[in-house]
Amino acid sequence: MTTSGPLLVPEYRRPQGVHPDPRTPEYMSTRLRAPERLTVLPHMLTEITGPLLGEGLVNEADADLTRQHHGEPLGERIIVHGRLLDEGGRPVAGSLVEVWQPNAAGRYRHDRDRHPAPLDPNFTGIGRCVTDAQGGFRFVTVKPGAYPWGNHDNAWRPAHIHFSLLGRAFTQRLITQMYFPGDPLFGQDPIFNSVRDPVARQRLIAHLDLSETVHEWALAYRFDIVLRGPESTPMEDGEGDHDS
Ligand SMILES: [Fe+2]
């Protein structure tokens, strides 16, 4: 039997100008945490073959953030849906999509969140689902509130929902944020504006989708996510160590 050395998986390089730099000086904490130098390690077969998520671990109820407690959370109920697509517009099926967000008052259920806004006993702010055959995902939640974050004077984050896209293995995980159309806080938010290309920045904003609205029950927003290529949705660098 002959040995042929390690099998290397073809490398994918992100397109220039779509994704934010790890170091964005206006976004204060990146000054300290951005790496001085990055060494890209070769992608080996091990990284994409395991461990894998067991799909049985996710059930339908995980996608409804308004049904995780005895009562319904306060706030504006919304539907957030979209499709996970690859560079060629093909659906990415069977992929874990996770979301996390503050409640309608702009407060996360997290020890580090000291914002003096009320917690909601009926809202945890975490959901997950696995994309269907068309790459589709759908969440029911409440519209998150804006919150202050101390980056600069009067710094308030525009309303947003964090997304984690696991892909087929843990090393493929991507993180991004979804915003709501017409938010007046966009202009002063250094995280939103860390995506320098204004066209790419627009891809972070969901669209009001009246076709998916449920009459007299909830408005719907559509957020399609493109995983790579020049039309890709801007993704945060790093491994989710994101404090806002
Ligand atoms: Fe946030």
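What counts and how
- Residues numbered from 1 in each chain as written.
- Predicted model: local features only at pLDDT ≥ 70, side-chain atom pairs only at ≥ 80, totals over all residues.
- Heavy atoms only, no water.
- Buried < 20%, exposed > 50% of the residue type's maximum accessible area, 1.4 Å probe, protein only.
- Helix = DSSP H or I, 4+ residues; strand = E, 2+ residues; numbered from the N terminus.
- Pairing = 2+ DSSP bridges.
- Contact = heavy atoms within 4.5 Å.
- Polar contact = N/O pair within 3.5 Å; in protein donor to acceptor, adjacent residues only side chain to side chain.
- Patch = residues over 30% accessible without salt bridge, like charges linked within 9 Å, V, L, I, M, F, W, Y side chains within 5 Å.
- Areas by Shrake-Rupley, 256 points an atom, 1.4 Å probe, with all protein chains shown as cover.
- Salt bridge = Lys/Arg side-chain N within 4 Å of Asp/Glu carboxyl O.
- Core = buried A, V, L, I, M, F, W, Y, C linked by side-chain atoms within 4.5 Å.
- pLDDT = per-residue confidence, 0-100.
- Phe/Tyr/Trp six-rings, centres within 6.5 Å; stacked < 30°, edge-to-face > 60°.
- Lys NZ or Arg CZ within 6 Å of the ring centre and 35° of its normal.

## What about the pairing of strand β7 (residues 160-165)?
So, step 1. Most of β7 is tucked away, with six of its six residues classed as buried.
So, step 2. Neither face of β7 is left uncovered, since the one carrying His160, His162 and Ser164 and the one carrying Ile161, Phe163 and Leu165 both have all their residues buried.
So, step 3. Sheet topology places strand β2 (residues 96-100) next to β7; four bridges connect them, and they run antiparallel. Bridge pairing in β7 links Trp100 to His162.
So, step 4. Relative to strand β8 (residues 174-179), β7 is paired through six bridges, and the arrangement is antiparallel. The residue of β8 that forms the bridge with His160 is Tyr179.

## What to know about the environment of Pro144
So, step 1. If you trace the backbone, Pro144 turns up in the loop between β4 (136-142) and β5 (147-148).
So, step 2. On the basis of relative accessible area, Pro144 is assigned to the buried category, the value being 5%.
So, step 3. Each C-alpha atom of the pair Pro144 and Gln101 lies 6.5 Å from the other, and the pair is 43 residues apart in sequence.
So, step 4. Contacts of Pro144, omitting those with residues within four sequence positions, involve Gln101, Pro102, Asn103, Ala104, Ala159, His160, Ile161 and Phe180.

## Observations concerning the pairing of β4
So, step 1. In terms of residue burial, β4 counts as a mostly covered element, since six of its seven residues are buried.
So, step 2. As paired elements, strand β1 (residues 77-85) and β4 share seven bridges and run antiparallel to each other. Counterpart to Ile79 in the pairing with β4 is Val140.

## Let's talk about the side chain of Ser164
So, step 1. Positionally, Ser164 belongs in strand β7.
So, step 2. On the basis of relative accessibility, which here comes to 0%, the residue Ser164 falls in the buried class.
So, step 3. There is a polar contact of 2.8 Å between the side chain of Ser164 and the side chain of Arg173.
So, step 4. Setting aside chain neighbours within four positions, we find Ser164 in contact with Leu96, Val97, Glu98, Trp100, Arg173, Leu174 and Ile175.

## Quick look at a nonpolar patch on the surface
So, step 1. Side chains of Leu208, Leu210 and Leu219 sit close together on the surface and give an oily, nonpolar patch of about 280 Å² of accessible area.
So, step 2. Looking at the secondary structure, you find Leu210 in the loop between β9 (207-208) and β10 (219-222).
So, step 3. The exposure class of Leu210 is exposed, given its relative accessible area of 61%.

## Description of the nonpolar core
So, step 1. Membership of the largest hydrophobic core comes to 25 residues, with the highest contact counts inside it found for Phe139, Phe163, Met178 and Ile225.
So, step 2. Mapped onto this core, the elements with two or more residues apiece are β1, β2, β4, β7 and β8.
So, step 3. Setting aside anything within four residues of it in sequence, one finds Ile225 in contact with Arg83, Leu84, Leu85, Phe137, Phe163, Leu165, Thr233 and Met235.
So, step 4. The next biggest cluster of nonpolar side chains, apart from the first, holds 14 residues, and it includes Tyr108, Trp149, Tyr179 and Val195.

## Describing the confidence of the model for the protein chain
So, step 1. Residues of the protein chain with pLDDT of at least 70 account for 89%, and the chain-wide mean is 89.
So, step 2. Throughout residues 238-242 the model reports pLDDT below 50, and contacts reaching past four residues in sequence, or to other chains, amount to ten contacts.

## Digging into the environment of Phe170
So, step 1. Mapped onto the fold, Phe170 is located in the loop between β7 and β8.
So, step 2. Here the alpha-carbon distance between Phe170 and Thr49, two residues 121 residues apart in the chain, equals 9.5 Å.

## Details of the packing of aromatic side chains
Where two aromatic rings form a pair, the distance of their centres and the angle of their planes describe that pair.
So, step 1. For the structure shown, the criterion picks out ten aromatic pairs.
So, step 2. Ring geometry for Phe180 and Tyr221: centres 5.0 Å apart, planes at 90°, overall edge-to-face. With Phe180 in the loop between β8 and α3 (198-202) and Tyr221 in strand β10, this residue pair connects regions lying 41 residues apart in the sequence. In terms of burial, Phe180 and Tyr221 fall into one category: buried.
So, step 3. Both rings, one in Phe186 and one in Phe192, keep their centres 4.3 Å apart while their planes meet at 20°; by these two values the pair is stacked.
So, step 4. Assessed through its relative accessible area of 12%, Phe186 is described here as buried.
So, step 5. On the basis of relative accessibility, which here comes to 3%, the residue Phe192 falls in the buried class.
So, step 6. Site record: aromatic cluster; members linked through ring pairs are Phe137, Phe139, Phe163 and Phe223.
So, step 7. If you follow Arg157 out to its NZ or CZ, it ends over the ring of Trp149, 5.9 Å from the centre.

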